[in-house]
Structures are given as C-alpha cells and as structure tokens.
Amino acid sequence: MTGPEPRVERLLREHAPQVLGAVMRRYRDFAASEDAVQEALMAAAQQWPREGVPDNPRGWLIQVASRRMVDAVRSETARRQRESVAALEIGQVVAAASVESAPDQDETLILLFMCCHPALTAPSAIALTLRAVGGLTTAQIANAFLVPEATMAQRISRAKQTIKGSGVPFQLPTAKDRAERLSAALHVLYLIFNEGYTTSVGAGLQRLDMASEAIRLTRSVYELMPGDAEVAGLLALMLLTDARRLARTGPNGELVPLPEQDRSHWDRSQIAEGVALLTATLARGSVGQYQLQAAVAAVHDEAARHEDTDWPQILALYSLLERMSDNPIVTLNRAIALAMVQGPAAGLELLASLAADGRLANSHRLDAVRGHLLELAGQSPAAVSAYQAAANRTTNTAERNYLLTRAATLRESQSEATLDRD
Amino acid sequence: MKYILMMHTKGTGPYQIATWPKKDIQAHIAFMRAINKKLRESGEFVGAEGLSGPDQAKLVRAGADGTPVTDGVFPESKEFLAGYWIVDVESPTRAYAIASEASAAPGPGGVPLNMDIEVREVMSGPPPDFL
C-alpha cells in the first residue's frame, strides 16, 4: 500500500482536525462526521496528486465530507424508514466559502479533548486521536501497531460509541474540568510518543513514525495554548528525547544505552529548541511533571560526555518529581541518580525498599536497574543474574537482546579476570 | 499456501541463550534478523513473533462458574514454543526449506542448533464455488 505524495499527505493531516470540527459543528454526530471526514481525506489522497490541489483545500474537504454525511444519513434513513433524523433538516451542503470564513482554532483542542476522553482506554484514545486529530488513515494506524486493519477499525468504532454513550457535548470542557481533561490529553500524546520511541528499534519496516507524529500534534496544541507550562514542558520533553534517536540504536537495531551513545549523532538544533522552550517555561514559575522530565533530558543532552553529566542536578530533579507523583518508575530513576552521586550502595538500598513496596514486583525494570547498579558496585555474579532475570521478563525483543548481551559481556570479563572496567 | 513454522526449544537443553558467550548471542540474533529480512524481500513473510519465556507461561481453563482457573508456571517443561513464523509460499517443499534454514541457527561456538521446527499448513477459506 503506497500513501499519497508527502506534500499532499502533510496538507491533509494539517487540515484534518479543522475539517472534522466544521463538519461536526453542522451535524453534531461525532462518530458519523469522523467517518465522513476519513472518506473525504481518502478521496483527496487519490484525487489531488492526479488533478492538482484545489485552491481551497479545506473547503473542498468540508464539502466532500458533508456530502458523504448527507448520503450516509439518507441511505440510513431509507433503509430503516426512520423519519426523525434531525441532521437531514440541515442536510443542504453549504457553499465551502461560507464555512471557510469561520475558522475556529479551538476545534482542534475540542477534538483532542474528546478523543482523550477519560472513559476510553489508552489504546482506544491513542488510535482515535491519531485518526481524528492526526488525520491518519485506519490502515496507517493499524500498520503502526502491527494489528490487522479490521481490528483497528473496530477499536476506533468502539471508541466512538463510548464517547457517544458518554454524552460529552462538542465544546471545550468547563473551567472546572479543563485542567483534568488537558492532563488526560497530554498523557495520550505522551503515550503516542513513547510508542513511537520504543518501537522505532530495528525492523526497518515502512511504519508510521509515531514519535514525529506525537511531536507534530503536541506542537499544534502548544501553538493553541502557548501559555500552558505543561504543554510546553511536554513538547520540550519530546524534542529533547527524540534528539537522541539516531544514536539510540546500532547498525543492527540493537539498543545503545546513554553512556555508550555517540553524542555527535544527537540532533543539536532539536536540543537547542527544546532547551529554549524549557528555559522560557521554567522562568514563568509553576513547575509540572513534564517540565521536570524535560529538565532531566536537558541535563543529559547538555553533557558533552557521559562523565560530564550533572548527576546531582538529575538527582534533585527526580526528588522533586517523586514528591509530585507517586510513581515507582520515578523512584527507580532516582535510584540510578543516587548511585551516581553517592555510590551504588545507596542506590541499591533504595531499590530494596522499592522491591518491598511490591508495585514493580512483576516488572523487568527493577531487575535491569539492579543489574546495572550491581555492575557498578563490582558485584559481577549478582549483576549477571539480575540482568538475566530482567531478560527473561521483558517483552521487548531489543531490550531482551541488550540485557542478554550485557550479562554475557560481564560473564566474559569475569572469567578473563580482567578488571578493566569503564 | 500459508504455513506456520513453530520453533520448539528444550526447556533445559541447548537453547539457553542467556548462558552463551556474547559473540554467539550476537551471531544468533543477527541470523534471525537476516532470515526475517530475506523472507520480507522474497515476499513470503506474513508474520513472525518471538514469545516471552516459558517461566511466565500459564495454562488457563474455565472453571465451573466460568471464571478463569490458571495453572503454572512451568519453568521446567521439557519443550516450549519459543516463537513462530507464518510464511506464504509456493509449495510445502519451500516451507520445509525455510524451516530447515531456521533450524540451523547458530548456537554456542557457532555450531548449528538444528532445533525442531514444527511445520503445519494454515487452514485457508473455502474456494469461491463453495459459497
């Protein structure tokens, strides 16, 4: 399956949320409008490269989507002999120009809030956001998640039913709900980014670049809400993390950990943009989780060599984060920073209390970090077993390969009895 | 015709990759990646998955009231499914050839493992005149 040419594809994705917003404003039915817009986007993807991009692309899309909407309502009506379809009353297709005159920037936000509705599971919210706000086709999303297209279509359709059932009106959340809904939306964008970032390893399949898609969506939210510190923080976090992408995998798709990355492959301009964004945001006062995570990423990015990393600052940032959120993964990261500042014993002690807490009992990450700290402490045999335990538990192939290799390296250096540690 | 190629490895036998030397682990991983790449390039690749370790496996069946009853874990089982490929090939002979190539993945010291690969044809839909 070949997509449309990149220029057309970019144009379509940019217009998608506003087109959907306009269609929804007229017909109210989110699920049906979303389907109609999807069809219009696919029609454009076929026609525009052949016949040229229309002078008013958005108007064209709105018009085609509206026609589909009317057709769908008519055929549904005919089939079911149903008379009370309110949408038909306003079924006349309004001239595209008059629609164009009312561009409403808020619509992208309203859509995002709807797609990231708290009633949805994370995978559903992600899929729906990519389709309705990101303007991607079901096939592209299915491909990105390596599931059959029919499965993804069903997931999206159920998500829309859930939203319909929840009776959320198509408007911005009230002031009371707004902060909560925004944080749910940002979380979905964050998950899309992570999905892209962690699966970008290897394979070399022609898959949608979800990390870039997440950055694009977050950037558009940032442009609509430049004053929100956490939106800026999330965008900065993505830019500062994604900047290391090229250095993160080796020639055979193997994971390269931070200390061993070739820092000349980091994207300097992306780091500069992220740092500038973060600096401007932190100067304004209120500090949230994404800003703190972005600050950690910035400290790493700004170290010329791994040895130059400002670990005391990272430790301070993780301590702040820990106070803000009761997340065991944050504590896990703090244990690494603590080990780098006060020595591995201090880090291992913190890990022991984390193990007793039980929330990470079934996660491979606790063992992976324990292996790392034991290795730092020179306790090779224990480190090898911790790495192997983590390798047995992880469900990510690249990570498993990394852990196995790490354990093997350690075993070999042990048996050679050379204590030439980096 | 589609075939599933199921790679069985011994629970306590030679496929104990965690205990291999580093260069052998790397050679094994590179070999598996190369097989998948070749299958994609030849247009025969349908899917392939590696499974997480058998020490996480559970047997599940419905209890009297319909709630799941789980049994396990089975770290000491003699054989387990480590992963599978699904390929779309011209003939069973070709499926056997692919299986045999995968079977000879390198193990410790680069020696071929010659693992058991179970090859089964995937059922297809009824022919058009059946409908």
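Higher on the page you've got the structure.
Residues numbered from 1 in each chain as written. Chains lettered and ligands numbered in written order. Predicted model: local features only at pLDDT ≥ 70, side-chain atom pairs only at ≥ 80, totals over all residues.

Novice: Just give me the short version of the overall build of chain A, but keep the residues and values in it.
Specialist: A tally of helices and strands in chain A yields 21 helices and 0 strands. Buried positions account for 43% of the 422 residues belonging to chain A. Residue pairs in contact within chain A that sit at least 24 positions apart in sequence constitute 61% of those at least 6 positions apart. (Helix = DSSP H or I, 4+ residues; strand = E, 2+ residues; numbered from the N terminus. Buried ≥ 20, exposed ≤ 12 C-beta atoms within 10 Å, placed from the backbone. Contact = placed C-beta atoms within 7 Å.)

Novice: How would you sum up the pairing of strand β2 (residues 45-50) of chain B? Please name residues and give values.
Specialist: All names here are of chain B. Within β2, only 0 of the 6 residues are buried, which leaves the element largely exposed. Of the pairings in the sheet, the one linking β2 to strand β5 (residues 79-88) comprises 5 bridges and is antiparallel in character. Looking at β5, one finds that Gly50 is bridged to Gly83. (Pairing = 2+ DSSP bridges.)

Novice: Describe the nonpolar core, with residues and values.
Specialist: With 124 residues, the main nonpolar core has Val19(A), Val23(A) and Ala65(A) as its most contacted residues. Both domains that meet at this core, namely domain 1 (1-102) and domain 2 (105-167 + 177-199) of chain A, each give it at least three residues. With sequence-adjacent residues up to four places away left out, Val19(A) is seen in contact with Val37(A), Ala40(A), Arg58(A), Leu61(A), Ile62(A) and Ala65(A). Of all hydrophobic cores here, the second largest spans 11 residues; its members include Tyr3(B), Met7(B), Leu39(B) and Ala99(B). (Core = buried A, V, L, I, M, F, W, Y, C linked by C-beta atoms within 7 Å. Domains from an automatic or database assignment.)

Novice: Explain the sheet that holds strand β6 (residues 116-121) of chain B to me, and be specific about the residues and the numbers.
Specialist: All names here are of chain B. In spatial order, the strands read β2-β5-β1-β6; together these 4 strands make up an open sheet with antiparallel pairing. In this open sheet, the two edge strands, each paired with only one partner strand, are β2 and β6. On average, each strand axis in the sheet is tilted by 20 degrees relative to the strand beside it, whichever way the strands run. (Axes fitted to C-alpha atoms, helices over the stretch in contact; angles between N-to-C directions.)

Novice: Go over helix α17 (residues 328-342) of chain A, please, and point to the residues and values.
Specialist: All names here are of chain A. The end-to-end C-alpha distance of α17, which contains 15 residues, comes to 20 Å, matching closely the 21 Å that a straight helix rising 1.5 Å per residue would cover. By the burial criterion, the buried members of α17 are Val330, Thr331, Leu332, Asn333, Arg334, Ala335, Ile336, Ala337, Leu338 and Ala339. Among the residues trailing α17, Gly343 stands out with phi positive, at a value near 105 degrees. (Expected span 1.5 Å × (residues − 1).)

Novice: Lay out the interface of chain A and chain B in plain terms, naming residues and giving numbers.
Specialist: Tallying the contact residues gives 13 residues for chain A and 14 residues for chain B. Elements that contribute at least two residues to the side of chain A that touches chain B include exactly α20 (380-393) and α21 (397-415) of chain A. Element by element, the count of residues in the side of chain A that touches chain B is highest for α21(A), at 8 residues.

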